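As a plain string of letters, each chain reads:
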Amino acid sequence: MTGHHVLVEGTGVRFSCAEGDTLLRAALRAGVGLSYECNSGSCGSCRYELVDGEVRDRRPGAPGLTARDRRRGRRLACQSEPLSDCVVRAPEPAEVTTYRPVTQTALLSAVRPLTHDMSEFVFTAEERAEFAPGQYAMIHLPDGRVERAYSMSNLGNSSREWKFVVKRVPDGQATSILFDKLEVGSAVVIDGPYGHAYLRPERNRDIVCVAGGSGLGAMISIILGAAALPDAVDRTAHLFIGGRTEADIHIPDAVLVARRRLRALHVRTAVSAADGCDPQPECGIAPFRGFVHEAVVGALGENIRDFTYYAAGPPAMTDALARALVVEGGLAADHLYFDRFC
Ligand SMILES: Cc1cc2nc3c(=O)[nH]c(=O)nc-3n(C[C@H](O)[C@H](O)[C@H](O)COP(=O)(O)OP(=O)(O)OC[C@H]3O[C@@H](n4cnc5c(N)ncnc54)[C@H](O)[C@@H]3O)c2cc1C
Ligand code: FES
């Protein structure tokens, strides 16, 4: 392998970084748990200082660094490609997840429309589909330039299948390619899995999954994961799905099938711009009118501290949920796992 060596100052931890790989991904591939969230340059949780060596910045001006960070010489590990051997100063190592990320080619095998602007994309990869429920992968699109994070909506499997629920963003670079240019048989590169907002089966608490928009994919995966646990019949899950209008809401069949394996699955929907909504036939409950975090608080009431929560969606949704549950509701922060789609 051509590449460079990276030393984490003060820890004795060393790892190799292949030519063209980022500091963060090389660390995770080597089982070194550098801290991170989005892998896209947006959240800032992978900040580090370069003590020695040279790196190329993949995304100069990424929002994950403030002007103050830049003045202090801070960089983003998820956007830094070493050009030489490097010494870095990074925060305490974070948790290492079970599956180390690998890069592989995958072919688009199906596209299934779910709503007016959301579809499920199914890819078949070369080697393996190993990931924990709720994790995400980076999809490198065939134009060779654009790469974005998408959460898997299925479970790890031996059929090498990776499924993603993607919402079209008007004039979005990646989603324009996914929706308008990819055809069945088109090749992409999938790099994953990544992310810490995955199902923790050891936790003996009922779970609550909260999906905002395309966050639905990650929450499908979590529900399927809970339903596949050996003690699924003893577990109750709650799924909240939020959208702007009723047309944004989709309740996947896979979730309704998973319900049969669980003690109970309560599905509720919330629409923030509701006007004369009908009850969803699949769950028989009229949509809550308001934001999805308000629906969660309203439905679970005084019991909100008794659950473990998983959430995915736009930052406004995940931030409002975290505020409602942790700051206002008194939930211990380590009972809430979420991915912000920033
Ligand atoms: C952890 C995570 C999981 C996600 N899961 C899903 C999902 O399951 N379904 C879904 O529909 N969306 C998901 N997203 C959002 C997705 O990654 C895209 O941001 C979204 O599809 C819009 O992309 P676009 O290129 O079409 O839009 P654009 O408007 O062209 O791109 C905007 C997004 O791309 C990011 N971006 C811009 N430049 C770069 C760059 N050079 N490198 C990396 N990122 C860049 C921006 O931060 C912004 O979020 C997820 C995001 C994250 C962080
Ligand atoms: S993980 Fe690097 S900015 Fe989010």
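Above this text is the structure in question.
Note that the structure is a prediction, hence the values are computed from the model and not measured. Residue indices begin from 1 for each chain and proceed along its sequence in written order. By the order in which they are written, chains take letters starting at A while ligands take numbers starting at 1. Given that the model is predicted, a residue must reach a pLDDT of at least 70 before its local features are reported, and side-chain atom pairs must reach 80 or more before they are shown or counted; all residues, however, enter totals for whole chains, interfaces and linings. To get the side-chain values, all heavy atoms of the structure are used, and hydrogens and water are removed first.

### A word on the site of ligand 1
Within the structure, ligand 1 sits among 22 residues, and Ala149, Tyr150, Gln173, Ala174 and Thr175 are positioned closest to it. Throughout this description, a polar contact denotes any pair of N or O atoms lying within 3.5 Å of each other; where both atoms belong to protein, one of them has to be capable of donating a hydrogen while the other can accept it, and for residues adjacent in sequence the pair is counted only when both atoms sit in side chains. A distance of 2.6 Å separates an oxygen atom of ligand 1 from a polar atom in the backbone of Ala149. Thr175 has a polar side-chain atom sitting 2.7 Å from an oxygen atom of ligand 1. Here a helix means four or more residues in a row that DSSP labels H or I, a strand means two or more in a row labelled E, and each is numbered from the N terminus. At 5 residues, the largest contribution of residues to the shell around ligand 1 is made by strand β11 (residues 147-151). Charged means Asp, Glu, Lys or Arg here, nonpolar means Ala, Val, Leu, Ile, Met, Phe, Trp, Tyr, Cys or Pro, and polar covers whatever is left, Gly included. Each residue belonging to the shell around ligand 1 can be placed in one class, and the counts come to 10 nonpolar, 7 polar and 5 charged. Reported domain spans reflect what an automatic or database domain assignment gives. If you count residues domain by domain, the shell around ligand 1 takes at least three from each of domain 1 (3-89) and domain 2 (102-194). Throughout, the term near means that a residue has one or more heavy atoms lying within 4 Å of the molecule or strand in question.

### Some remarks on the pattern of salt bridges
Pairing between side chains becomes possible if they bear opposite charge and their charged atoms approach one another. Salt bridge, as applied in this entry: a Lys or Arg side-chain nitrogen positioned within 4 Å of an Asp or Glu carboxyl oxygen. Inspection of every chain in the model, using the stated rule, returns 21 salt bridges. A salt bridge links Glu49 to Arg74; the shortest N-O distance between them is 4.0 Å. One end of the pair, Glu49, is in strand β3 (residues 47-52); the other, Arg74, is in strand β5 (residues 74-76), and 25 residues separate them in sequence. Assessed through its relative accessible area of 25%, Glu49 is described here as partly exposed. A simple rule labels every residue: compare its accessible area, found with a 1.4 Å probe on the protein chains alone, to the largest value its type can have, and call it buried under 20%, exposed over 50%, or partly exposed in between. You can call Arg74 partly exposed: its relative accessible area is 26%. In this structure, Arg56 engages Glu81 in a salt bridge whose closest nitrogen and oxygen atoms are separated by 3.1 Å. Of this pair, Arg56 sits in strand β4 (residues 55-57) while Glu81 sits in strand β6 (residues 80-82), and the two are 25 residues apart along the sequence. Look at Arg56 and you get partly exposed, because its relative accessible area is 41%.

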